Amino acid sequence: MTNGKIGVTTENIFPVIKKFLYSDHEIFLRELVSNAVDATQKLKALASRGEMQGELGDLTIRIAVDTDKRLLTITDRGIGMTADEVDRYINQIAFSGAEEFMAKYKDQAIIGHFGLGFYSSFMVADKVEIITRSYKEGSKTVHWECNGSPEFSMEESDEAHDRGTTIVLHLSEEAKEYAEADKIEELLRKYCRFLPVPIAFGKVKEWKDGKYVDTDKDNIVNDTDPLWMRKPADITEVQYKEFYHELYPTGEEPLFSIHLNIDYPFHLTGILYFPKIRNNFEIQKNKIQLYSNQVYVTDQVEGIVPEYLTLLHGGIDSPDIPLNVSRSYLQSDSNVKKISNYITRKVADRLQELFNTMRPEFEKKWDDLKIFIQYGILTDEKFAEKAQSFMLWKNTDGKYFTPAEYEELVKANQTDKHQTLVFLYVDDPVAKLAALEAAKGKGYDVLEMNGPLDNHYVNWYESK
Ligand code: ADP
Ligand code: MG
């Protein structure tokens, strides 16, 4: 049995944790499950290099609650830790095992580095236990325990335990909601929905020696293979639509999708959708979900994608976005700027492609797309430039033209004596029927401009 004090540099980390993350207690679950995923991925990496003996077996991560006892457990069948490793990675909080592992196996996607990691569990628990056994042959079970003071105890024993780690949280009175099955399931669906290792959640049926023995085993809460991770060439239109509904179960059919996929100078994958937006676009904001290595981070993407693109829906996954820093930092981060520019360019390219290859379809969806494109034109110069070749104007006969096509159409008839081209438009073709008929009678063409941004757009166009 070892007794010791946590941390080589910090006298007491707990007040810091409580203060720092006060408003966001629930992320402890994301941290613990991410660690379990990392431990599992590390084991797979070792196995694929032949550096691990024995069977991988079932790698499902199991999460269970015991509401009455206020217990929450997270169990993985990953690499586990030896006593020495617990000492290094848990007791000496200055170390990060993720960092060490990354330095050794550079190509491996390890989550690590979200925030305070393992110690965030003390935001919600009075006492935390780690019961772990390393994959290394001949390893003993290590039982670590800490009650939220810098003192911990650690014991090595022959206690039976599968390879891997069980974290047991003895939840505090104030945090008892995290012993409720519904709450945990909600959080798992939020943060862990696309994690790459199966995660099962259940209620504990029986506790034995500080471990749960039997849970509802098959309640897998995640999709380990989100569509954005696959090659665009292997994905059908139907799958894109199905995935949209997976992200937004109550959403309307999206108009188009864009698959993002970039390796250099940063990593980013994702699928964005043009949703149906009409007049109520304000309330539809904050819908793009941001992930890092399949871990949900936030749906507050302002600053990462340009303002008008926050109207889009979908998921973006990038390990290169700094996640635990302030918004103002994010906005000045050069990686984030590059990401934002890249997304703008991809969206414009995709619209251009749709316009070029399927114009009738594009026109059919124009009334829904228009507000989004106008918003982009009004707020982003680069986008405005590109959009000139796919922006459409609709006339009162229901025909669509690009600005260039339209100029061509009316040039002969609507150029005044100062050689200025005159465009006629009407905001309410029904109320202004008489004037409309009169103009048409003279052989003039009339545009219909009655969308919520048309006024602004016309002003913008006139100023050009
Ligand atoms: P980070 O994940 O950023 O390294 P954490 O505080 O979350 O920081 O975890 C510290 C270290 O403890 C990890 O890097 C890892 O080495 C070890 N660790 C934590 N949880 C587990 C686990 N479930 N299995 C094996 N090792 C773990
Ligand atoms: Mg971690």
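Residues numbered from 1 in each chain as written. Chains lettered and ligands numbered in written order. Predicted model: local features only at pLDDT ≥ 70, side-chain atom pairs only at ≥ 80, totals over all residues. Heavy atoms only, no water.

Undergrad: Break down the nonpolar core for me, citing the residues and quoting the values.
TA: Considering soluble globular proteins, one finds that nonpolar side chains tend to be buried as a cluster. Core analysis: the largest hydrophobic core is formed by 60 residues, its most contacted members being Ile63, Leu72, Phe118, Trp144 and Leu169. Considering each element in turn, this core owes the most residues, 7 residues, to helix H2 (residues 27–48). When residues of this core are sorted by domain, at least three fall in each of domain 1 (2–214) and domain 2 (227–362). Residues Leu255, Val301, Met391 and Phe401 belong to the second largest nonpolar core, which totals 55 residues. (Core = buried A, V, L, I, M, F, W, Y, C linked by side-chain atoms within 4.5 Å. Buried < 20%, exposed > 50% of the residue type's maximum accessible area, 1.4 Å probe, protein only. Helix = DSSP H or I, 4+ residues; strand = E, 2+ residues; numbered from the N terminus. Domains from an automatic or database assignment.)

Undergrad: Report on the pattern of salt bridges, specifying residues and quantitative values.
TA: The final tally for this structure, using the stated rule, is 26 salt bridges. A salt bridge links Lys241 to Glu253; its shortest N-O distance comes to 4.0 Å. Of this pair, Lys241 sits in helix H6 (residues 237–247) while Glu253 sits in the loop between H6 and strand E10 (256–262); the two residues are 12 residues apart in sequence, bridging distant segments of the chain. For Lys241, a relative accessible area of 32% puts it in the partly exposed group. Among the salt bridges present, the one from Lys386 reaches Asp349, with a minimum N-O distance of 3.5 Å. Of the two residues, Lys386 sits in helix H11 (residues 381–387) while Asp349 sits in helix H8 (residues 334–357), which places them 37 residues apart along the sequence. Taking the relative accessible area as the measure of exposure, Asp349 reaches 37% and is therefore partly exposed. Several salt bridges share partner residues, and in doing so they unite Arg70, Glu173 and Lys176 into one network. (Salt bridge = Lys/Arg side-chain N within 4 Å of Asp/Glu carboxyl O.)

Undergrad: Explain the environment of Tyr425 to me, using residue names and the numbers behind them.
TA: As for its position among the elements, Tyr425 is in strand E17 (residues 424–426). For Tyr425, a relative accessible area of 42% translates into the label partly exposed. Setting aside its immediate chain neighbours within four residues, Tyr425 contacts Val446, Leu447, Met449, Val458 and Glu462. (Contact = heavy atoms within 4.5 Å.)

Undergrad: Requested: an account of helix H5 (residues 181–191), with residues and values cited.
TA: Restricting attention to buried positions, one finds in H5 the residues Ala181, Lys183, Ile184, Leu187, Leu188 and Tyr191. Within H5, the buried residues cover an arc of 165° as seen down the axis, which keeps them to one side. (Arc of directions from axis to C-beta.)

Undergrad: Explain the packing of aromatic side chains residue by residue, including any values.
TA: Tallied over the full model, the rule gives 33 aromatic pairs. The interplanar angle of 55° and the centroid separation of 6.3 Å between the aromatic rings of Phe423 and Tyr461 together place this pair among those described as tilted. Placement of the pair is Phe423 in the loop between helix H12 (403–410) and E17 and Tyr461 in helix H14 (residues 454–463), with a sequence separation of 38 residues. Clustering of aromatic rings is evident, with ring pairs tying together Trp393, Phe401, Tyr406, Phe423, Tyr457, Trp460 and Tyr461. (Phe/Tyr/Trp six-rings, centres within 6.5 Å; stacked < 30°, edge-to-face > 60°.)

Undergrad: Help me get a handle on the packing of helix H10 (residues 366–379) against H14, residues and values and all.
TA: It is the contact of H10 with H14, at a shortest axis distance of 10 Å, that shows an interaxial angle of 40°. Considering the angle they form, H10 stands oblique to H14. Considering how the two elements wind past one another, H10 and H14 form a crossing that is left-handed. Across the interface between the two elements, Lys370, Gln374, Ile377 and Leu378 from H10 touch Asp454, His456, Tyr457 and Trp460 from H14. (Axes fitted to C-alpha atoms, helices over the stretch in contact; angles between N-to-C directions. Parallel < 35°, antiparallel > 145°, perpendicular 65-115°, else oblique. Left-handed = near helix turned anticlockwise from the far one by under 90°.)

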